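Working through the structure, step by step
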There are 2 protein chains.
Amino acid sequence: MKIIVDCHGGDFCPREAVVGALVALDSSKSLSVILAGRKDEIEAVLAERKYDLSRVEILDASEIITNDDSPSLAIRRKKDSSTVKGLRLLKDGGADGMVSSANTGALLIGGTLILGLGAGVTRAAMCPVMPTLTDTHTILVDGGANVDCKVEQLREFAVMGTAYMRELHGIKSPKTGLLNNGAESEKGNAQTKAAHALLSETDGINFIGNVEAKDFLTGVCDVLVTDGFVGNAAMKASEGMGSVLFSLIKNGIMAGGLRAKLGYLLLKPVLRDIKHKMSGDAVGGAVFLGLNKVLVKAHGASKATAFSNAIIKAADMAERDVPAKIAQGLAL
Amino acid sequence: MKIIVDCHGGDFCPREAVVGALVALDSSKSLSVILAGRKDEIEAVLAERKYDLSRVEILDASEIITNDDSPSLAIRRKKDSSTVKGLRLLKDGGADGMVSSANTGALLIGGTLILGLGAGVTRAAMCPVMPTLTDTHTILVDGGANVDCKVEQLREFAVMGTAYMRELHGIKSPKTGLLNNGAESEKGNAQTKAAHALLSETDGINFIGNVEAKDFLTGVCDVLVTDGFVGNAAMKASEGMGSVLFSLIKNGIMAGGLRAKLGYLLLKPVLRDIKHKMSGDAVGGAVFLGLNKVLVKAHGASKATAFSNAIIKAADMAERDVPAKIAQGLAL
């Protein structure tokens, strides 16, 4: 598998993207990477390291899409950006998948315009793969790409997420829940009530009914279907609570004197593991589903490990041909 | 101030409701309570305690509205329930406010049908008053009562929340944010884009623009306006993350051997304070805004302290005549 790595756009780019790519190469002999970005900057990082020259190429690109760029303008105008050049190469068959930590909106628009949507797909979704209390993962479809969804889109989201969890996590019949304001089938707003009825009669998915946001991270389902606006609100609120709790623990330790500081030192490995588990680093970011090709989003703050995980995930998705499996699911 | 306390419907009722009422009496000489519920059960709890007989009345009611009841059926049929009898007495001027830990839906419907909506109000809202990282509070309007809001309702929510924070928290010009998927003014779905425009030109509120869900609990605003479906999702997801993190800490301590257990013992006061701060107990639950009278919701798991706080809050709301202030705000 050959994966394009967009080496710009993240907070610690290009260094961490390049190092992450080299780390990923260690995971599989059949993996190779194309590093997209400013050749001189990429080469400067490569020069410090030993790696298999035959498995690393550079796709020279001078421009960078930033988070301040308007997504649609950036895709149209920054033709020589690592993101646009990478997507074009992917579209033309020059690679099997792509990883980028750039502007999510630009990736969504670029992915849709350049790679195209899969057969039967109305809109692509941006899907965080979230860690859970039970050590499983739940894919959130949609995590924020589509903020005004038609009910039919929610059906597509269910099929997309099912294909992903089946292929990438080996779950034969992924449990699919609908994010709603109550567990009972009659609960919901106009959209989720209609979606509940539609998902109940959708072939090829294992619909387990409504899931409340309090079970967002408890692993009760493998696929969580939602309008992107609500999905974004739930995910961000959940992350916000995580940050607030860790800040409060820190403040409490600072104010708590010697006893609290000693307690913290002893409990540090436990707290660090939890922070690591619930952060995006272990997971490797979000995936775009519904596109013709494999596109994985590493979060903006990705370090080498996160990039490496995202690259391995992209290779797995390409290997299992997730885009084709989604099209098959939607054709049922 | 005379506050009706619905002594049934919560997990630890009637005991904790009755004890909470007696605790609240200690806070102010001018407070008196009417305990609504099964007289014999209430008297059994009262018999164990000393209290000022002249400040405690009982409103005998034989029926109980449970969480399994359909809200609208319960309000229509359980005429002799503590909830319905309490609301009727409040409506008839027999008290200044009411606290209940019963079925939220039943309280919303009962409040709307029996107490009536305030002048200029389209729908009542259920508003959690949330603790924040910065030791301030943010009122969420709406936390789940209205799952398909018209944009005009969001304007009413902003005015309601502003009146509450001004009167109860003494903030002259409460910062009002719109829950959205990005901070920039052009962000949002169809509803929030329209709401942003409307709130920008609403008199009598201090609109600070969009607030992302990651700032749900960071205290960036005093009033957070949202459709109830989204508000419910964000709040529940945030609570869910809190539960998950505390569970993970517990699991980590169990698996972490002597070192982790000792660390936990030392850090226990810090963790307990945080859990207490971020739980509903310290806050006293949610308030219903938009009704003609004061109605406060204590959460279902309320113990005596939570009931006491809710009763004091109801008395404060009545003292400051929040329903009238909301009507004044909406008339601007």
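To be clear, the structure that these remarks concern was listed above.
Here the residue index of a chain counts from 1 through its sequence in written order. Note on labels: chains are lettered from A, ligands numbered from 1, in written order. Local features in this predicted model are restricted to residues whose pLDDT is 70 or higher, and side-chain atom pairs enter the listing and the counts only when it is 80 or higher, whereas totals over whole chains, interfaces and linings include all residues. For side-chain calculations, the full set of non-hydrogen atoms in the structure is used, while hydrogens and water are omitted.

Focus: the side chain of threonine 162 of chain A
All names here are of chain A.
- Helix and strand definitions follow DSSP, with helices as H or I runs of at least four residues and strands as E runs of at least two, each counted in order from the N terminus. As for its placement among the helices and strands, threonine 162 is situated in helix α6 (residues 151-169).
- Burial classes: relative accessible area under 20% of the type maximum marks a residue as buried, over 50% as exposed, and values in between as partly exposed (1.4 Å probe, protein chains only). Residue class for threonine 162 comes out buried when judged on its relative accessible area of 2%.
- Apart from the residues lying within four places of it in its own chain, the contact partners of threonine 162 are Pro174, Thr176, Gly204, Ile205 and Val223. Residue contacts are counted whenever heavy atoms from the two residues lie within 4.5 Å of one another.

Description of helix α9 (residues 257-278) of chain A
- Of all the bends found along α9 of chain A, the most pronounced is centred on leucine 267 of chain A and spans about 60°, while proline 269 of chain A, a proline, follows it within four residues.
- Within α9 of chain A the residues assigned to the buried category are Ala260, Gly263, Leu266, Leu267, Val270, Leu271, Ile274, Lys277 and Met278 of chain A.
- Contacts from the buried residues of α9 of chain A go to β5 (125-131) and α8 (228-255) of chain A together with α8 (228-255) and α9 (257-278) of chain B. We define the bend at each residue as the angle formed by axes fitted to the 7 residues ending at it and the 7 residues starting at it.

Considerations on the relation of the copies chain A and chain B
- With an axial shift of 0.0 Å and an RMSD of 0.0 Å, the rotation relating chain A to chain B amounts to 180°. The superposition operator between the copies reduces to a two-fold rotation axis.
- A high fraction, 100%, of the interface residues of chain A reappear at the interface in chain B, so the copies pair face to face through one surface. Each copy is superposed on the other by least squares, with the fit set by C-alpha atoms of residues at a pLDDT of at least 70 in both.

Quick notes on the interface of chain A and chain B
- At the junction of the two partners, chain A supplies 50 residues and chain B supplies 50 residues.
- Note: buried area is the sum, over both parts, of the accessible area (probe 1.4 Å) each one loses when the two are combined. For the pair chain A and chain B, the two sides together bury roughly 4300 Å², of which 78% comes from carbon and sulfur.
- In what follows, salt bridge is the name for a side-chain nitrogen of Lys or Arg lying within 4 Å of a carboxyl oxygen of Asp or Glu. Seen at the junction of chain A and chain B, the total is two salt bridges.
- For the salt bridge of lysine 236 of chain A with glutamate 212 of chain B, the shortest nitrogen-to-oxygen distance reads 3.7 Å.
- For the side of chain A that touches chain B, the secondary-structure elements that each account for two or more residues are β7 (175-180), α7 (190-200), α8 and α9 of chain A.
- Here the side of chain A that touches chain B gets 20 residues from one element, more than from any other, and that element is α8 of chain A.
- For this scheme, ten residues count as nonpolar: Ala, Val, Leu, Ile, Met, Phe, Trp, Tyr, Cys and Pro. Four count as charged, namely Asp, Glu, Lys and Arg, and the remainder, Gly too, count as polar. For the side of chain A that touches chain B, the residue count by class is 30 nonpolar, 14 polar and six charged.

A few points about the sheet that holds strand β8 (residues 206-212) of chain A
Residue and element names in this part refer to chain A.
- Taken in spatial order, the eleven strands of this open sheet run β3-β2-β1-β4-β11-β10-β5-β6-β9-β7-β8, and their pairing is mixed. On the outer flanks of this sheet lie β3 (56-60) and β8, each paired with one strand and no other. The average angle at which neighbouring strand axes cross in this sheet is 25°, direction not considered.
- Running at roughly 165° to strand β4 (residues 97-100), helix α4 (residues 82-91) makes contact with β1 (2-6), β2 (32-37), β3, β4 and β11 (294-297) of the sheet. At least two bridges found by DSSP between two strands are what make those strands a pair. Interaxial angle, 0 to 180 degrees, is taken between N-to-C directions of lines fitted to C-alpha atoms, where a helix line uses only the stretch in contact.

Side note on the packing of α8 of chain A against α8 of chain B
- Axis separation between α8 of chain A and α8 of chain B bottoms out at 8 Å; the angle between their running directions is 40°. Classified by the interaxial angle, the pair formed by α8 of chain A and α8 of chain B is oblique. The two elements α8 of chain A and α8 of chain B meet at a crossing, and its hand is right-handed. Seen from α8 of chain A, the contacting residues are Phe229, Val230, Ala233, Ala234, Ala237, Ser238, Met241, Gly242, Leu245, Phe246 and Ile249 of chain A; seen from α8 of chain B, they are Phe229, Val230, Ala233, Ala234, Ala237, Ser238, Met241, Gly242, Leu245, Phe246 and Ile249 of chain B.
- A class-by-class count of the residues in the contact of α8 of chain A with α8 of chain B yields 18 nonpolar, four polar and no charged. Each angle gets one of four labels, with under 35 degrees taken as roughly parallel, over 145 as roughly antiparallel, 65 to 115 as roughly perpendicular, and the rest as oblique. In a left-handed crossing the near helix is turned counterclockwise from the far helix by less than a right angle, and in a right-handed crossing that turn is clockwise.

Some thoughts on the pattern of salt bridges
Residue and element names in this part refer to chain A.
- Applying the stated criterion to the full structure yields 24 salt bridges over all chains.
- Taking the shortest distance from any N to any O, the salt bridge between glutamate 48 and arginine 15 comes out at 2.9 Å. Taken together, the residues span a long stretch of sequence, with glutamate 48 in the loop between α2 (39-47) and β3 and arginine 15 in helix α1 (residues 15-25) at a distance of 33 residues.
- Classification of arginine 15 as partly exposed rests on a relative accessible area of 34%.
- Ionic pairing is found between arginine 38 and glutamate 41, a salt bridge with its closest N-O pair at 3.4 Å.
- Given a relative accessible area of 29%, arginine 38 falls into the partly exposed group.
- When its relative accessible area of 29% is taken as the criterion, glutamate 41 is described as partly exposed.

Digging into the sheet that holds strand β7 (residues 175-180) of chain B
All names here are of chain B.
- Spatially, eleven strands are ordered β3-β2-β1-β4-β11-β10-β5-β6-β9-β7-β8 in an open sheet, and the strand pairing comes out mixed. Edge strands, defined here as strands with exactly one partner in the open sheet, are β3 (56-60) and β8 (206-212). Neighbour-to-neighbour, the strand axes of this sheet turn through a mean angle of 25°, independent of strand direction.
- Sheet contacts for helix α7 (residues 190-200): β7 and β8; angle to β7, the most-contacted strand, approximately 165°.

So, the nonpolar core
- Residues Phe216 of chain A together with Phe216 of chain B are the most contacted members of the largest nonpolar core, which totals 58 residues.
- Contributing elements (two or more residues each) for this core: α8 and α9 of chain A together with α8 and α9 of chain B.
- Residues within four places of phenylalanine 216 of chain B in sequence aside, it is in contact with Ala237 of chain A together with Met130, Leu140, Leu179, Leu224, Gly231, Ala234, Met235 and Ser238 of chain B.
- Remark: nonpolar core denotes a set of buried residues (Ala, Val, Leu, Ile, Met, Phe, Trp, Tyr, Cys) joined through side-chain atoms within 4.5 Å. With 57 residues, the next largest nonpolar core counts Val19, Leu22, Val287 and Ala298 of chain B among its residues.

Describing unusual backbone geometry
- Residues valine 141 of chain A and aspartate 142 of chain A are joined by a peptide bond in cis, for which omega reads 20°.
- Residues other than glycine seldom take positive phi values, yet aspartate 135 of chain B does so here, at roughly 70°.
- Considering the arrangement of structural elements, one finds aspartate 135 of chain B in the loop between β5 (125-131) and β6 (137-141).
- A positive phi angle is found at aspartate 321 of chain B, which is not glycine, with a value near 50°.
- Within the secondary structure layout, aspartate 321 of chain B lies in the loop between α10 (304-319) and α11 (322-330).

Remarks on the packing of α1 of chain A against α2 of chain A
Residue and element names in this part refer to chain A.
- Closest axis-to-axis distance for the α1/α2 pair is 9 Å, and the angle between their directions is 50°. Classified by the interaxial angle, the pair formed by α1 and α2 is oblique. The element α1 and its partner α2 pack so that their crossing is right-handed. Side by side, α1 and α2 meet where Arg15, Val18, Val19 and Leu22 of the first sit next to Ile42, Val45 and Leu46 of the second.

Side note on the environment of glutamate 186 of chain A
- Relative to the helices and strands, glutamate 186 of chain A resides in the loop between β7 and α7.
- Along the backbone, glutamate 186 of chain A and histidine 196 of chain A are ten residues apart, and their C-alpha atoms lie at a distance of 8.6 Å.

Remarks on the packing of aromatic side chains
- Two rings from Phe, Tyr or Trp (for Trp, the six-membered ring) form a pair when their centres are within 6.5 Å of each other. A pair whose planes differ by under 30 degrees is stacked, one over 60 is edge-to-face, and the rest are tilted. Following the criterion strictly, the structure yields zero aromatic pairs over all chains and no others.
- In our convention, an over-ring charge means Lys NZ or Arg CZ found within 6 Å of a ring centre and within 35 degrees of that ring's normal. Sitting over the face of the ring of phenylalanine 246 of chain B, lysine 275 of chain B holds its NZ or CZ atom 5.1 Å from the ring centroid.

Observations regarding helix α1 (residues 15-25) of chain B
Residue and element names in this part refer to chain B.
- Counted residue by residue, α1 has nine buried out of eleven residues, so it is predominantly covered.
- Where α1 is concerned, the buried positions are Glu16, Ala17, Val18, Val19, Gly20, Ala21, Leu22, Ala24 and Leu25.
- The secondary structure elements touched by the buried residues of α1 are β1 (2-6), β2 (32-37), α2 (39-47), β3 and α10.

Quick notes on the pairing of β6 of chain B
Residues and elements named next belong to chain B.
- Across the five residues of β6, four count as buried, placing the element largely inside the fold.
- Both β5 and β6 contribute to a ladder of three bridges, which runs antiparallel. Pairing of valine 129 across the sheet is with isoleucine 139, part of β6.
- In sequence, β5 turns back onto β6 through a hairpin of five residues, with aspartate 135 there showing a positive phi of about 70°.
- Pairing between β6 and strand β9 (residues 223-225): three bridges, direction parallel. Looking across to β9, one finds that valine 141 is bridged to valine 225.

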